[in-house]
Amino acid sequence: MAHRAAIRSIERVVGETAPLQDPQVAAAGIRMMLEAGSVLVLTGAGVSTDSGIPDYRGPKGSLLRHRPMTYQEFQHEPSARHRYWARSFVGWRHMAQASPNPIHQRLAQWEAQGRISGIVTQNVDGLHVAAGSLNVIPLHGDLQQISCLNCGALEDRKHLDARLHEANPGYLERVDLDPSLVNPDGDVSLDDAHVAEFHMVGCLVCGSQALKPNVVYFGENVPAERKVRLKAMEARSASLLVIGSSLAVMSGYKLLLDARNAGKPVGLINGGPTRGDAKADFRWRSNIAEALDILEEPVDGAVRRPM
(Lines give C-alpha, C1' and ligand atoms only; values in the text may rest on other atoms or scores of the structure.)
Protein backbone atom coordinates (compact mmCIF):
# COMPACT_ATOMS: atom_id res chain seq x y z
CA MET A 1 0.00 0.00 0.00
CA ALA A 2 2.83 2.42 0.88
CA HIS A 3 4.51 1.62 -2.43
CA ARG A 4 1.31 2.39 -4.39
CA ALA A 5 0.86 5.64 -2.48
CA ALA A 6 4.46 6.56 -3.32
CA ILE A 7 3.85 5.92 -7.02
CA ARG A 8 0.74 8.14 -6.90
CA SER A 9 2.81 10.90 -5.31
CA ILE A 10 5.51 10.59 -7.97
CA GLU A 11 2.97 10.64 -10.79
CA ARG A 12 0.89 13.52 -9.40
CA VAL A 13 0.36 16.18 -12.03
CA VAL A 14 0.08 19.72 -10.69
CA GLY A 15 -2.22 21.83 -12.84
CA GLU A 16 -3.79 25.24 -12.65
CA THR A 17 -6.15 25.65 -9.69
CA ALA A 18 -6.38 29.45 -9.41
CA PRO A 19 -6.14 32.44 -11.75
CA LEU A 20 -2.78 34.12 -12.11
CA GLN A 21 -2.22 37.03 -9.74
CA ASP A 22 -0.88 40.43 -10.77
CA PRO A 23 2.89 40.13 -10.22
CA GLN A 24 3.01 43.57 -8.59
CA VAL A 25 0.33 42.57 -6.10
CA ALA A 26 2.13 39.32 -5.32
CA ALA A 27 5.50 41.04 -4.97
CA ALA A 28 4.15 43.73 -2.67
CA GLY A 29 2.39 41.16 -0.50
CA ILE A 30 5.45 38.96 -0.13
CA ARG A 31 7.57 42.04 0.57
CA MET A 32 5.21 42.89 3.46
CA MET A 33 5.71 39.41 4.87
CA LEU A 34 9.48 39.79 4.73
CA GLU A 35 9.41 43.25 6.30
CA ALA A 36 7.33 41.87 9.18
CA GLY A 37 10.00 39.21 9.72
CA SER A 38 9.88 35.64 11.07
CA VAL A 39 9.00 34.19 7.67
CA LEU A 40 9.35 30.42 7.43
CA VAL A 41 10.71 29.57 3.96
CA LEU A 42 10.03 26.23 2.29
CA THR A 43 12.25 25.55 -0.71
CA GLY A 44 12.00 22.96 -3.46
CA ALA A 45 14.00 21.78 -6.44
CA GLY A 46 13.42 25.03 -8.34
CA VAL A 47 15.84 26.76 -5.99
CA SER A 48 18.73 24.54 -7.09
CA THR A 49 18.21 24.43 -10.84
CA ASP A 50 20.54 27.44 -11.28
CA SER A 51 23.22 25.32 -9.59
CA GLY A 52 22.88 22.76 -12.38
CA ILE A 53 20.65 20.33 -10.49
CA PRO A 54 17.42 19.57 -12.41
CA ASP A 55 14.00 19.68 -10.81
CA TYR A 56 11.37 16.94 -10.88
CA ARG A 57 8.29 18.50 -12.45
CA GLY A 58 9.50 21.50 -14.48
CA PRO A 59 9.45 21.67 -18.29
CA LYS A 60 12.78 19.82 -18.33
CA GLY A 61 12.20 17.93 -15.08
CA SER A 62 13.69 14.50 -14.46
CA LEU A 63 10.26 12.86 -14.15
CA LEU A 64 9.90 13.19 -17.92
CA ARG A 65 12.59 10.49 -18.33
CA HIS A 66 13.02 8.81 -14.95
CA ARG A 67 10.84 7.49 -12.10
CA PRO A 68 12.57 7.72 -8.72
CA MET A 69 12.93 4.49 -6.78
CA THR A 70 10.49 4.05 -3.89
CA TYR A 71 11.62 3.18 -0.38
CA GLN A 72 9.90 -0.19 -0.63
CA GLU A 73 11.85 -1.07 -3.78
CA PHE A 74 15.13 0.06 -2.26
CA GLN A 75 14.52 -1.79 1.00
CA HIS A 76 13.35 -5.13 -0.36
CA GLU A 77 15.00 -5.51 -3.79
CA PRO A 78 18.80 -6.00 -3.72
CA SER A 79 18.94 -5.65 -7.51
CA ALA A 80 17.23 -2.25 -7.24
CA ARG A 81 19.77 -1.12 -4.63
CA HIS A 82 22.62 -2.30 -6.85
CA ARG A 83 21.17 -0.37 -9.79
CA TYR A 84 20.81 2.75 -7.65
CA TRP A 85 24.41 2.66 -6.43
CA ALA A 86 25.82 2.13 -9.93
CA ARG A 87 23.87 5.14 -11.15
CA SER A 88 24.63 7.20 -8.04
CA PHE A 89 28.36 6.49 -8.29
CA VAL A 90 28.30 8.16 -11.70
CA GLY A 91 25.83 10.94 -10.87
CA TRP A 92 27.65 11.91 -7.67
CA ARG A 93 30.43 13.46 -9.77
CA HIS A 94 28.01 16.17 -10.86
CA MET A 95 26.21 16.64 -7.53
CA ALA A 96 29.48 16.99 -5.60
CA GLN A 97 30.56 19.84 -7.88
CA ALA A 98 27.34 21.86 -7.44
CA SER A 99 27.73 25.11 -5.52
CA PRO A 100 25.23 27.60 -4.04
CA ASN A 101 23.66 30.00 -6.48
CA PRO A 102 22.42 33.58 -5.84
CA ILE A 103 19.07 32.25 -4.56
CA HIS A 104 20.75 30.26 -1.78
CA GLN A 105 22.96 33.24 -0.99
CA ARG A 106 20.03 35.66 -0.88
CA LEU A 107 18.14 33.45 1.56
CA ALA A 108 21.20 33.20 3.81
CA GLN A 109 21.37 37.01 3.74
CA TRP A 110 17.70 37.32 4.66
CA GLU A 111 18.21 34.98 7.60
CA ALA A 112 21.13 37.07 8.84
CA GLN A 113 18.92 40.17 8.56
CA GLY A 114 16.13 38.55 10.60
CA ARG A 115 13.67 38.55 7.73
CA ILE A 116 13.24 34.79 7.78
CA SER A 117 13.11 32.52 10.81
CA GLY A 118 14.54 29.51 9.03
CA ILE A 119 14.46 27.30 5.96
CA VAL A 120 12.76 23.97 5.48
CA THR A 121 14.08 22.44 2.28
CA GLN A 122 12.83 19.50 0.27
CA ASN A 123 16.22 19.37 -1.46
CA VAL A 124 18.92 16.89 -0.47
CA ASP A 125 21.90 18.77 -1.96
CA GLY A 126 23.07 20.63 1.17
CA LEU A 127 23.42 23.92 -0.72
CA HIS A 128 21.54 26.09 1.80
CA VAL A 129 24.05 25.20 4.50
CA ALA A 130 26.92 25.66 2.06
CA ALA A 131 25.61 29.17 1.35
CA GLY A 132 25.72 30.07 5.04
CA SER A 133 22.14 29.51 6.20
CA LEU A 134 22.15 28.38 9.83
CA ASN A 135 18.60 27.40 10.74
CA VAL A 136 17.92 24.76 8.09
CA ILE A 137 15.80 21.63 8.31
CA PRO A 138 16.53 19.23 5.43
CA LEU A 139 13.03 17.75 5.35
CA HIS A 140 14.07 14.87 3.10
CA GLY A 141 17.61 14.41 4.43
CA ASP A 142 21.04 14.95 2.90
CA LEU A 143 22.95 12.97 0.28
CA GLN A 144 26.20 13.65 2.16
CA GLN A 145 25.56 10.82 4.65
CA ILE A 146 25.04 7.07 4.18
CA SER A 147 23.32 4.69 6.60
CA CYS A 148 23.33 0.89 6.78
CA LEU A 149 19.86 -0.65 6.72
CA ASN A 150 21.22 -3.71 8.53
CA CYS A 151 23.06 -2.23 11.54
CA GLY A 152 22.40 1.51 11.36
CA ALA A 153 26.06 2.54 11.01
CA LEU A 154 26.70 5.90 9.34
CA GLU A 155 29.38 6.82 6.80
CA ASP A 156 30.29 10.04 5.05
CA ARG A 157 29.40 9.97 1.34
CA LYS A 158 32.87 11.15 0.31
CA HIS A 159 34.44 8.26 2.23
CA LEU A 160 32.09 5.77 0.58
CA ASP A 161 32.86 7.30 -2.80
CA ALA A 162 36.59 6.70 -2.26
CA ARG A 163 35.89 3.04 -1.48
CA LEU A 164 33.72 2.72 -4.58
CA HIS A 165 36.56 4.14 -6.67
CA GLU A 166 38.90 1.44 -5.36
CA ALA A 167 36.35 -1.28 -6.11
CA ASN A 168 35.61 0.02 -9.63
CA PRO A 169 38.88 1.07 -11.33
CA GLY A 170 38.29 2.74 -14.69
CA TYR A 171 34.49 2.53 -14.35
CA LEU A 172 33.82 6.25 -14.60
CA GLU A 173 36.03 6.57 -17.66
CA ARG A 174 33.91 3.95 -19.43
CA VAL A 175 30.69 5.87 -18.82
CA ASP A 176 29.92 8.86 -21.02
CA LEU A 177 27.91 11.07 -18.67
CA ASP A 178 25.63 13.84 -19.90
CA PRO A 179 25.39 16.20 -16.86
CA SER A 180 21.90 17.29 -17.92
CA LEU A 181 20.66 13.75 -17.24
CA VAL A 182 21.62 13.75 -13.56
CA ASN A 183 18.52 13.48 -11.38
CA PRO A 184 17.70 15.59 -8.28
CA ASP A 185 18.37 12.59 -6.03
CA GLY A 186 21.92 12.29 -7.35
CA ASP A 187 21.76 9.33 -9.74
CA VAL A 188 21.76 9.08 -13.51
CA SER A 189 20.30 6.65 -16.01
CA LEU A 190 22.68 3.84 -17.04
CA ASP A 191 22.25 0.93 -19.41
CA ASP A 192 22.05 -2.62 -18.03
CA ALA A 193 25.59 -3.47 -19.11
CA HIS A 194 27.13 -0.71 -17.03
CA VAL A 195 24.95 -1.59 -14.05
CA ALA A 196 26.00 -5.25 -14.27
CA GLU A 197 29.73 -4.49 -14.21
CA PHE A 198 29.50 -2.20 -11.15
CA HIS A 199 30.88 -3.61 -7.88
CA MET A 200 29.22 -2.52 -4.63
CA VAL A 201 31.08 -2.38 -1.33
CA GLY A 202 29.78 -3.34 2.11
CA CYS A 203 29.13 -1.57 5.40
CA LEU A 204 32.33 -0.85 7.34
CA VAL A 205 30.78 -2.27 10.52
CA CYS A 206 28.73 -5.33 9.50
CA GLY A 207 29.69 -5.90 5.84
CA SER A 208 26.12 -5.63 4.54
CA GLN A 209 25.66 -4.09 1.10
CA ALA A 210 22.26 -2.71 2.18
CA LEU A 211 23.57 0.85 2.27
CA LYS A 212 21.20 3.76 1.74
CA PRO A 213 21.72 7.48 1.29
CA ASN A 214 20.37 9.19 4.39
CA VAL A 215 17.45 10.74 2.50
CA VAL A 216 13.69 10.23 2.64
CA TYR A 217 12.57 8.24 -0.38
CA PHE A 218 9.11 8.37 -1.90
CA GLY A 219 7.06 6.03 0.31
CA GLU A 220 9.22 6.67 3.39
CA ASN A 221 8.23 8.76 6.42
CA VAL A 222 10.06 11.88 7.56
CA PRO A 223 11.89 10.94 10.81
CA ALA A 224 9.96 11.79 13.99
CA GLU A 225 12.78 13.93 15.42
CA ARG A 226 12.75 16.07 12.29
CA LYS A 227 8.99 16.53 12.58
CA VAL A 228 9.42 17.80 16.15
CA ARG A 229 11.98 20.38 15.00
CA LEU A 230 9.69 21.37 12.14
CA LYS A 231 6.72 21.95 14.47
CA ALA A 232 8.86 24.18 16.69
CA MET A 233 10.00 26.20 13.67
CA GLU A 234 6.42 26.56 12.43
CA ALA A 235 5.27 27.74 15.86
CA ARG A 236 7.76 30.62 16.01
CA SER A 237 7.11 31.77 12.43
CA ALA A 238 4.65 34.49 11.45
CA SER A 239 4.10 33.45 7.84
CA LEU A 240 5.10 30.92 5.17
CA LEU A 241 6.89 31.60 1.89
CA VAL A 242 7.22 28.68 -0.55
CA ILE A 243 9.95 29.07 -3.16
CA GLY A 244 10.61 26.73 -6.08
CA SER A 245 8.24 23.92 -5.15
CA SER A 246 5.09 22.63 -6.83
CA LEU A 247 4.05 21.21 -3.41
CA ALA A 248 3.14 17.94 -5.10
CA VAL A 249 4.54 15.95 -2.17
CA MET A 250 2.44 15.89 0.99
CA SER A 251 5.34 16.56 3.37
CA GLY A 252 5.75 20.01 1.83
CA TYR A 253 2.08 20.71 1.11
CA LYS A 254 1.28 20.05 4.77
CA LEU A 255 3.29 23.13 5.79
CA LEU A 256 0.97 25.25 3.66
CA LEU A 257 -2.08 23.60 5.22
CA ASP A 258 -0.66 24.18 8.71
CA ALA A 259 -0.06 27.86 7.96
CA ARG A 260 -3.59 28.30 6.60
CA ASN A 261 -5.11 26.56 9.62
CA ALA A 262 -3.14 28.88 11.90
CA GLY A 263 -4.33 31.96 10.01
CA LYS A 264 -0.83 32.88 8.83
CA PRO A 265 -0.15 34.60 5.49
CA VAL A 266 1.14 32.34 2.71
CA GLY A 267 3.19 33.42 -0.30
CA LEU A 268 4.34 31.35 -3.30
CA ILE A 269 7.12 32.02 -5.80
CA ASN A 270 7.43 29.40 -8.51
CA GLY A 271 7.94 29.09 -12.24
CA GLY A 272 4.79 26.99 -12.71
CA PRO A 273 1.56 26.09 -10.94
CA THR A 274 1.62 24.68 -7.43
CA ARG A 275 -0.72 22.46 -5.49
CA GLY A 276 -1.31 25.33 -3.07
CA ASP A 277 -2.22 28.14 -5.49
CA ALA A 278 -5.88 28.27 -4.48
CA LYS A 279 -4.95 28.50 -0.78
CA ALA A 280 -2.19 31.12 -0.98
CA ASP A 281 -2.59 34.84 -0.30
CA PHE A 282 0.17 35.82 -2.72
CA ARG A 283 1.18 33.68 -5.69
CA TRP A 284 3.94 34.92 -7.96
CA ARG A 285 4.61 33.05 -11.21
CA SER A 286 8.16 34.08 -11.99
CA ASN A 287 11.76 33.13 -12.51
CA ILE A 288 12.89 32.73 -8.92
CA ALA A 289 16.22 34.56 -9.04
CA GLU A 290 14.58 37.53 -10.78
CA ALA A 291 11.75 37.58 -8.22
CA LEU A 292 14.15 37.68 -5.27
CA ASP A 293 16.06 40.53 -6.91
CA ILE A 294 12.81 42.48 -7.31
CA LEU A 295 11.98 41.92 -3.65
CA GLU A 296 15.13 43.86 -2.79
CA GLU A 297 13.86 46.89 -4.72
CA PRO A 298 11.73 49.40 -2.76
CA VAL A 299 8.22 50.13 -4.07
CA ASP A 300 5.64 52.67 -3.04
CA GLY A 301 2.28 51.80 -1.55
CA ALA A 302 0.99 48.82 0.34
CA VAL A 303 -1.18 45.84 -0.46
CA ARG A 304 -3.89 44.53 1.80
CA ARG A 305 -4.09 40.81 2.31
CA PRO A 306 -6.80 39.31 0.02
CA MET A 307 -9.94 38.01 1.65
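Note that the structure is a prediction, hence the values are computed from the model and not measured.

> I'd like to hear about the side chain of His104, residue by residue, with values.
Residue placement: His104 occurs in helix 5 (residues 102-112). Ignoring any residue separated from it by four or fewer positions in sequence, one finds His104 in contact with Val47, Ser48, Ser51, Leu127, His128 and Ala131.

> Please provide a residue-by-residue account of the UniProt feature "active site" (unreviewed entry) in the chain, values included.
Those places that UniProt annotates as "active site" (unreviewed entry) correspond, in this numbering, to His140. Along the chain, His140 falls in the loop between strand 3 (136-138) and strand 4 (141-148). Given a relative accessible area of 11%, His140 falls into the buried group.

> Can you tell me about the UniProt feature "binding site: Zn(2+)" (unreviewed entry) in the chain, naming the residues and giving the values?
As annotated in UniProt, the feature "binding site: Zn(2+)" (unreviewed entry) corresponds to Cys148, Cys151, Cys203 and Cys206 in the numbering used here. Across 59 residues, the annotated set stays spatially compact, with a maximum C-alpha separation of 8.7 Å. If you trace the backbone, Cys148 turns up in strand 4. When neighbours within four sequence positions are excluded, Cys148 is seen to be in contact with Ala153, Cys203, Cys206, Ser208, Ala210 and Leu211. Relative to the assigned elements, Cys151 resides in the loop between strand 4 and strand 5 (154-156). For Cys151, a relative accessible area of 37% puts it in the partly exposed group.

> Account for helix 11 (residues 288-295), with residues named and values stated.
Among the residues of helix 11, those classed as buried are Ile288, Ala291, Leu292 and Leu295. Along the long axis of helix 11, the arc covered by the buried residues comes to 95°, so they all point the same way. Residues of helix 11 that are buried in the fold lie against helix 2 (23-36), helix 5, strand 7 (239-243), strand 8 (266-270) and strand 9 (282-285). Where helix 11 begins, one side-chain oxygen reaches toward the backbone nitrogen of Ala289, 3.2 Å away; that side chain belongs to Asn287.

Conventions used here
Residues numbered from 1 in each chain as written. Predicted model: local features only at pLDDT ≥ 70, side-chain atom pairs only at ≥ 80, totals over all residues. Heavy atoms only, no water. Helix = DSSP H or I, 4+ residues; strand = E, 2+ residues; numbered from the N terminus. Contact = heavy atoms within 4.5 Å. UniProt positions renumbered as here; feature names shortened; annotations may be inferred. Buried < 20%, exposed > 50% of the residue type's maximum accessible area, 1.4 Å probe, protein only. Arc of directions from axis to C-beta. Polar contact = N/O pair within 3.5 Å; in protein donor to acceptor, adjacent residues only side chain to side chain.

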